[in-house]
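Here is how the chains run, residue by residue.
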Amino acid sequence: MLGSGADRLRADVNRLLAFLFHQGILDEQFLQLQQLQDESSPNFVSQVVNIYFQESEKLLRNLRSLLMERKLSDYKNIGIHINQLMGSSSSIGAKRVRNVCVAFRAASDQNNRTGCLRVLEVLEHDYCFLKNKLHELFQIEQQRILAGGVGYPMQN
Amino acid sequence: MATQTQFHVLAVDDSLIDRKLIERLLKTSSYQVTAVDSGSKALEFLGLNGENEDEERNSSVESVSAADEDHQVGVNLIITDYCMPGMTGYDLLRKIKQSSSFKDIPVVIMSSENIPSRINRCLEDGAEEFFLKPVKLSDVNKLRPHLMKGITTKNEMQSNTNKRKGSEEIQSPDRTRPRYNELEVV
């Protein structure tokens, strides 16, 4: 029957979302993004999230090279990078990554290089996890639409 | 009564993601949007280059520019991020409020940081609202009264100019009828 595959996939999407919310990976701002997706902007969520991925990876790369500098003194620049990542994470509802940025900024404000490197590792790990999960989400969504599911709005 | 008019909002934010977000929020609310990534680009769009307001319109600004001979720039509200490199949102607010052409355009400030002294300073210096990021639909819904007020104010000013002689008369806002053709969007 047309649609039962789509229904199953919708259940999968909801289950994954519930998991991500429950684990504190995402917050209600992600729901706001979904609410903004409609016929006139059917790919809004994945568009914004893909921009987020591109920007975040650049920021994370820069942060790592800044912290690896032999004579590290440019904590101001590090702070600017962290603020950007914090802001964009907050804007898409990436709650966990945002919270790690808060800890990162605290270490950076204290010019604590060791602390910064430790937090950066956590940040890189959590970012990777987020990216994988969101890719999974988009994949299931895509399959759901191909199976005849309605694309938008995404209902929870 | 009045014909359907679209309000035009100028959004200013150096973050691409936040520009996309505010643009979508505003379009969902049926506003026309122009999004720029800096305060100086915002001033350029408005036609405010340098000190002199009468300076020629920047011809390199593409047709999106709302400045033309007959109308004042058709921007009904400016919403700007606070923290931007170069000109901050606060600097932009000040420049707008100091401009005779644009001081009546409502300005809204957004910031990811909840700093009461910053918020108070912006509100005291003329910002209509201060939104904490991430901005939501419920925030954007607060813009409409400020935009509607802009119509009444403009028409009160019109009435006052026309009735210079009889200035003792008390002007009641109910006497003005909204003139939507003044908000024609280029």
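Residues numbered from 1 in each chain as written. Chains lettered and ligands numbered in written order. Predicted model: local features only at pLDDT ≥ 70, side-chain atom pairs only at ≥ 80, totals over all residues. Heavy atoms only, no water.

## Quick notes on the overall build of chain B
Argument step 1. What chain B contains, in helices and strands, is six helices and five strands.
Argument step 2. In chain B, buried positions account for 44% of the 186 residues.
Argument step 3. Sequence-distant contacts, at least 24 apart, represent 63% of the contacts inside chain B between residues at least 6 apart.
Argument step 4. With the model as given, the accessible surface of chain B reaches about 10200 Å², and the carbon-plus-sulfur share is 46%. (Helix = DSSP H or I, 4+ residues; strand = E, 2+ residues; numbered from the N terminus. Buried < 20%, exposed > 50% of the residue type's maximum accessible area, 1.4 Å probe, protein only. Contact = heavy atoms within 4.5 Å. Areas by Shrake-Rupley, 256 points an atom, 1.4 Å probe, with all protein chains shown as cover.)

## Considerations on the overall build of chain A
Argument step 1. Helix and strand content of chain A: six helices and zero strands.
Argument step 2. Shown N-terminal to C-terminal, the secondary structure of chain A runs as helices and strands in the order α-α-α-α-α-α.
Argument step 3. In terms of principal-axis extent, the alpha carbons of chain A reach across some 65 × 30 × 20 Å.
Argument step 4. Looking at chain A as a whole, 46% of its 156 residues are labelled buried.
Argument step 5. Put simply, 69% of the contacts in chain A that link residues at least 6 apart link residues at least 24 apart.
Argument step 6. Put simply, chain A shows about 8300 Å² of open surface, and 51% of that area lies on carbon and sulfur atoms.
Argument step 7. Between the averaged position of the 18 positive side-chain charges in chain A and that of its 16 negative side-chain charges there is a distance of 7 Å. (Lys, Arg positive; Asp, Glu negative; His and termini not counted. Charge placed at Lys NZ, Arg CZ, Asp CG, Glu CD.)

## Some points on the nonpolar core
Argument step 1. Core analysis: the biggest nonpolar cluster contains 65 residues, and Tyr52(A), Phe104(A), Leu26(B) and Ile79(B) have the highest contact counts within it.
Argument step 2. Each residue touching Ile79(B), except ones within four places of it in the same chain, is listed here: Val9(B), Leu10(B), Ala11(B), Val12(B), Ile22(B), Leu26(B), Val108(B), Met110(B) and Phe131(B). (Core = buried A, V, L, I, M, F, W, Y, C linked by side-chain atoms within 4.5 Å.)

## A few points about the packing of aromatic side chains
Argument step 1. Within the structure shown, the criterion is met by four aromatic pairs over all chains.
Argument step 2. Here the aromatic rings of Tyr52(A) and Tyr127(A) are separated by 6.3 Å at their centres, their planes lie at 55°, and the arrangement is tilted. Here Tyr52(A) is found in helix H3 (residues 44–67), whereas its partner Tyr127(A) is found in helix H6 (residues 113–146), with 75 residues between them in sequence. Each member of the pair, Tyr52(A) as well as Tyr127(A), is classed as buried.
Argument step 3. A ring pair is formed by Phe7(B) and Tyr31(B), whose centres lie 6.4 Å apart and whose planes are at 55°; its orientation type is tilted. Here Phe7(B) is found in the segment before strand E1 (8–12), whereas its partner Tyr31(B) is found in the loop between helix H1 (16–28) and strand E2 (32–36), with 24 residues between them in sequence.
Argument step 4. Overall, Tyr31(B) belongs to the buried group, its relative accessible area being 3%.
Argument step 5. One aromatic cluster in this structure is built from Tyr52(A), Phe53(A) and Tyr127(A).
Argument step 6. Here Lys131(A) stacks its cationic end above the ring of Phe53(A), 5.5 Å away from the centre of that ring.
Argument step 7. Note that Arg121(B) overlies the ring of Tyr90(B), its terminal NZ or CZ placed 4.0 Å from the centroid. (Phe/Tyr/Trp six-rings, centres within 6.5 Å; stacked < 30°, edge-to-face > 60°. Lys NZ or Arg CZ within 6 Å of the ring centre and 35° of its normal.)

## Considerations on the sheet that holds E1(B)
Residue and element names in this part refer to chain B.
Argument step 1. Spatial strand order, E2-E1-E3-E4-E5: five strands in an open sheet with parallel pairing. The open sheet has two edge strands, E2 and strand E5 (129–132), and neither has a second partner. Neighbour-to-neighbour, the strand axes of the sheet open up by a mean angle of 20°, direction not taken into account.
Argument step 2. Where strand E4 (residues 107–111) meets E5, four bridges bridge the pair, whose relative direction is parallel. The residue of E5 that forms the bridge with Val108 is Glu129.
Argument step 3. Along the sheet face, helix H2 (residues 39–46) touches E1, E2 and strand E3 (77–81) and points at about 155° away from the line of E1. (Pairing = 2+ DSSP bridges. Axes fitted to C-alpha atoms, helices over the stretch in contact; angles between N-to-C directions.)

## Focus: the UniProt feature "domain: HPt" (unreviewed entry) in chain A
Argument step 1. In this numbering, the UniProt entry assigns the feature "domain: HPt" (unreviewed entry) to residues 41–137 of chain A.
Argument step 2. Its end C-alpha atoms 18 Å apart, residues 41–137 of chain A is made of 85% helix and 0% strand. (UniProt positions renumbered as here; feature names shortened; annotations may be inferred.)

## Things to note about the UniProt feature "modified residue: 4-aspartylphosphate" (unreviewed entry) in chain B
Argument step 1. Within this numbering scheme, the UniProt entry marks Asp81(B) as carrying the feature "modified residue: 4-aspartylphosphate" (unreviewed entry).
Argument step 2. Within the secondary structure, Asp81(B) is located in strand E3.

## Notes on the packing of helix H5 (residues 95–109) of chain A against H6(A)
Residues and elements named next belong to chain A.
Argument step 1. Here H5 crosses H6 at 170°, and the two axes come no closer than 9 Å. It follows that H5 is roughly antiparallel to H6 by the angle criterion. Here Arg96, Val97, Val100, Cys101, Ala103, Phe104, Ala107 and Ser108 of H5 lie close against H6, whose contacting residues are Gly115, Cys116, Val119, Leu120, Val122, Leu123, Asp126, Tyr127 and Leu130.
Argument step 2. A breakdown of the residues in the contact of H5 with H6 according to their chemical character gives 13 nonpolar, two polar and two charged. (Parallel < 35°, antiparallel > 145°, perpendicular 65-115°, else oblique. Nonpolar A, V, L, I, M, F, W, Y, C, P; charged D, E, K, R; others polar.)

## Points about unusual backbone geometry
Argument step 1. A cis geometry characterises the amide bond from Lys133(B) onward to Pro134(B), with omega recorded as 0°.
Argument step 2. Considering the arrangement of structural elements, one finds Pro134(B) in the loop between E5 and helix H5 (137–140).
Argument step 3. Of note, Asn111(A) is a non-glycine position whose phi angle comes to about 55°, a positive value.
Argument step 4. Turning to its location among the elements, Asn111(A) is positioned in the loop between H5 and H6.
Argument step 5. For Asn111(A), a relative accessible area of 48% gives the class partly exposed.
Argument step 6. For Ser30(B), which is not a glycine, the phi torsion comes out positive at approximately 70°.
Argument step 7. Note that Ser30(B) resides in the loop between H1 and E2.

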